[in-house]
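Reading the structure
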Amino acid sequence: MTLKLIFSEAKQWKYLVDTLSRLIDEASFIATPEGLRLRALDPSRIAMVDFVMPSEAFEEYLCDGEVRIGVNFDEFKKIMKRGSAKDKLELEVSEERRLKVRFRGRAVRTFSLPILELGAEELPTPRISFTVEAKLLSDAVKDAIKDAEIVSDYVKFETGEECLLMKASSDRGSVEVEFTRDSGSLIEIDIKEPSYAAYSLDYLSDMMKAYQLSDILTIEYATNKPLALTFDLPGGGRLTFYLAPRMEA
Amino acid sequence: MTLKLIFSEAKQWKYLVDTLSRLIDEASFIATPEGLRLRALDPSRIAMVDFVMPSEAFEEYLCDGEVRIGVNFDEFKKIMKRGSAKDKLELEVSEERRLKVRFRGRAVRTFSLPILELGAEELPTPRISFTVEAKLLSDAVKDAIKDAEIVSDYVKFETGEECLLMKASSDRGSVEVEFTRDSGSLIEIDIKEPSYAAYSLDYLSDMMKAYQLSDILTIEYATNKPLALTFDLPGGGRLTFYLAPRMEA
Amino acid sequence: MTLKLIFSEAKQWKYLVDTLSRLIDEASFIATPEGLRLRALDPSRIAMVDFVMPSEAFEEYLCDGEVRIGVNFDEFKKIMKRGSAKDKLELEVSEERRLKVRFRGRAVRTFSLPILELGAEELPTPRISFTVEAKLLSDAVKDAIKDAEIVSDYVKFETGEECLLMKASSDRGSVEVEFTRDSGSLIEIDIKEPSYAAYSLDYLSDMMKAYQLSDILTIEYATNKPLALTFDLPGGGRLTFYLAPRMEA
């Protein structure tokens, strides 16, 4: 079984692995001739990551079967952090079941880490009937998460008239962020019915590290249902996070 | 009683509140139709802050009486730090006596914090006969304070011939910074009589955070008398710090 | 005995003293009419620093004999860190045997530190028959050192065909960096015979702080012999580090 992938911008993968490492300890990428995917739960099973990158997103993609690449994300991240802006990234699975990570820039730098043999069961796609779908500027959402963290450890999503609201409060004070089309941060919104739900700021903050991967994100949620945060990646890839709602006291 | 103020650059207020929070725990802004002012002592009563901002400095200024806005500066600072370069700032006192801080940028972000009811007595204007007055580049003074901190915890101001000197020494070494018109850091100096006095570097360092508010500052002092540091703010505002001299052993 | 040196870019000396302070606690610069030099061992005697700067590298160089300037590098570094990009640097030895460090920029800032009377014996020039000599981009080497630190505390230098390799491995994984002419990081290489040796990453990392002083460095080594790292400095100066090989278990 052969696997060799070349990706033209090491930096994108650096951000991707940095984000994943905040939510996941260990998980397997699954490579098939169609592309690469990874689906995993965080250790507390409150959040799920769903990542796909089609073979076309790569500069070169050699894969003649299904290859599972189990990695420890802390170790993988340490290596990926060493990638520079102008480096190309090569991922290769060797005969001895090691993952070779190679940066080609002004030097050729090859890192090798052990491949973990993790359980093979695959997580099903979550089936949620979302009632709100909105496209927003990623860094405006990242800012709102940081705003809310000043006073609380969770944030409430609410719909207004053609707008999305994020609210947090405690005895330390209160914060309300309003995303409207006028102000520029809300690009599209589709409200099937007025909806509200609260989510953990710790998880949202970790997920929002992906703002570096895409200027625009899609938020989907429904009243007291999970939230989905989707970042479209260059070349047709996609990174979606699912987050269970927080039940209020 | 209504109060609603709009300031076009949130960043200026971010720097202002950051600086004040280093010297003051709690204090009241007093808003009148003429403008906003604040005068407060630091907890150890060694330093005083005197801030005024006329109504003209604001883009919009609605105030129909005297409104006292007591704030905890730690909490206020946490909120102000969230302001971005392109945001407008709105300050509003609500019916329920809460201070609303609103940033208008790509989103509308509204923070609310409780207003403290603090004592109403106002501090008198200090009356000091200064014998030296000098205008200098703010960041050259900030650098000199940092230079002096290498060897001591206080610094001596002295006058030379048409120049200002800052000196510090200990068994760790000595530092002398000379501000002259030739070198570019001294813009104007008026020496009524040769004067010297020593001041705490901790306080000066906190006050010099205001260098972000104004490229030029005015230093006034007299032998063994308090020092005044004044930063002129855009739109006719002014921030003055007074600092008691350090009596040498 | 008079000594007064003016150097046009304080920043270069800031980087120089920062680098030296990582390896040396105390040592003497020796000034003669020909120039300035310093040769010293690190406290554990595994590394040696050999620095020379001819009088021509200075804007002004007044020295009428041999002057020894013993300094504590921690103290010297604290002062040198205060130098700004546009400052000129003046070094002067006063009558009272103190070293005056003066930065001339927008203000004239003079620091003074005690001169230490250290032992007068001079270290001989190391005589090593190197079998490999290579010129490389400094920051590519700095990156490779950081790469290797992910998995180990030492790194092995090896020669390939017209290329230099740096390798590190442990149970945490492995790293291999290949410097070739094609990739741009290797400028010249002269291999007298295939050679390999291992060196401590801690020391190499400290030495590589000098990458700020020169875009290009020269590496010389031989099998299980010391390594020499040389940085050419502007104006004809030179900074060489020698490092003993690490004997593998």
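In the block above lies the structure referred to throughout.
Read on for a plain summary of the structure. None of the values given here were measured: they were computed from a predicted structure.

About the cut-offs
Residues numbered from 1 in each chain as written. Chains lettered and ligands numbered in written order. Predicted model: local features only at pLDDT ≥ 70, side-chain atom pairs only at ≥ 80, totals over all residues. Heavy atoms only, no water. Axes fitted to C-alpha atoms, helices over the stretch in contact; angles between N-to-C directions. Helix = DSSP H or I, 4+ residues; strand = E, 2+ residues; numbered from the N terminus. Parallel < 35°, antiparallel > 145°, perpendicular 65-115°, else oblique. Left-handed = near helix turned anticlockwise from the far one by under 90°. Contact = heavy atoms within 4.5 Å. Nonpolar A, V, L, I, M, F, W, Y, C, P; charged D, E, K, R; others polar. Least-squares fit on C-alpha atoms with pLDDT ≥ 70 in both. Phe/Tyr/Trp six-rings, centres within 6.5 Å; stacked < 30°, edge-to-face > 60°. Buried < 20%, exposed > 50% of the residue type's maximum accessible area, 1.4 Å probe, protein only. Buried area = accessible area lost by both parts, 1.4 Å probe. Salt bridge = Lys/Arg side-chain N within 4 Å of Asp/Glu carboxyl O. Polar contact = N/O pair within 3.5 Å; in protein donor to acceptor, adjacent residues only side chain to side chain.

1. With respect to the packing of helix α1 (residues 10-23) of chain C against helix α2 (residues 73-80) of chain C
All names here are of chain C. Two numbers describe how α1 lies on α2: the axes approach to 9 Å, and their chain directions differ by 150°. Taken together, α1 and α2 sit at an angle that is classed as roughly antiparallel. The crossing of α1 and α2 is left-handed. Contacts between α1 and α2 involve A10, W13, K14, V17, D18, L20 and S21 from the first element and F73, F76, K77 and M80 from the second. Its residues assigned to classes, the contact of α1 with α2 shows seven nonpolar, one polar and three charged.

2. What about the relation of the copies chain C and chain A?
The two copies are related by a screw motion: chain C maps onto chain A through a turn of 120° and a shift of 0.0 Å along the axis, at an RMSD of 0.0 Å. Such a turn and shift between the copies fits a three-fold axis. Distance from the rotation axis, computed per C-alpha, reaches its smallest value in chain C at C:A85: 15 Å.

3. Notes on the packing of aromatic side chains
Each aromatic ring pair is described using two quantities: the centre-to-centre distance and the angle formed by the ring planes. Residues and elements named next belong to chain C. Applying the stated criterion to the full structure yields 40 aromatic pairs over all chains. Judged by centre distance (5.8 Å) and plane angle (45°), the ring pair of W13 and F29 falls under tilted. Placement of W13 in helix α1 and of F29 in strand β2 (residues 26-32) is noted, with a sequence separation of 16 residues between them. When sorted by exposure, W13 lands in the same class as F29, which is buried. A ring pair is formed by F29 and F73, whose centres lie 5.9 Å apart and whose planes are at 45°; its orientation type is tilted. Here F29, found in strand β2, pairs with F73, found in helix α2; they are 44 residues apart in sequence, far enough to count as distant. A relative accessible area of 3% places F29 in the buried class.

4. A look at the interface of chain B and chain A
Between chain B and chain A, the contact holds 14 residues from the first and 18 residues from the second. Taken together, both faces of the contact between chain B and chain A bury some 1,300 Å²; the carbon and sulfur share is 47%. Of all residues in chain B, B:R82, B:R106 and B:V108 give up the largest surface area on contact with chain A, accounting jointly for 45% of the area buried on that side. Counting every contact that joins chain B to chain A gives five salt bridges. The shortest N-O distance in the salt bridge between A:D147 and B:R109 comes to 2.6 Å. The interface formed by chain B and chain A includes nine residue pairs in polar contact (both at pLDDT 80 or more). Elements with a contribution of two residues or more to the side of chain B that touches chain A: α2 (73-80) and β9 (108-114) of chain B. Of the residues belonging to the side of chain B that touches chain A, the class tally is four nonpolar, four polar and six charged.

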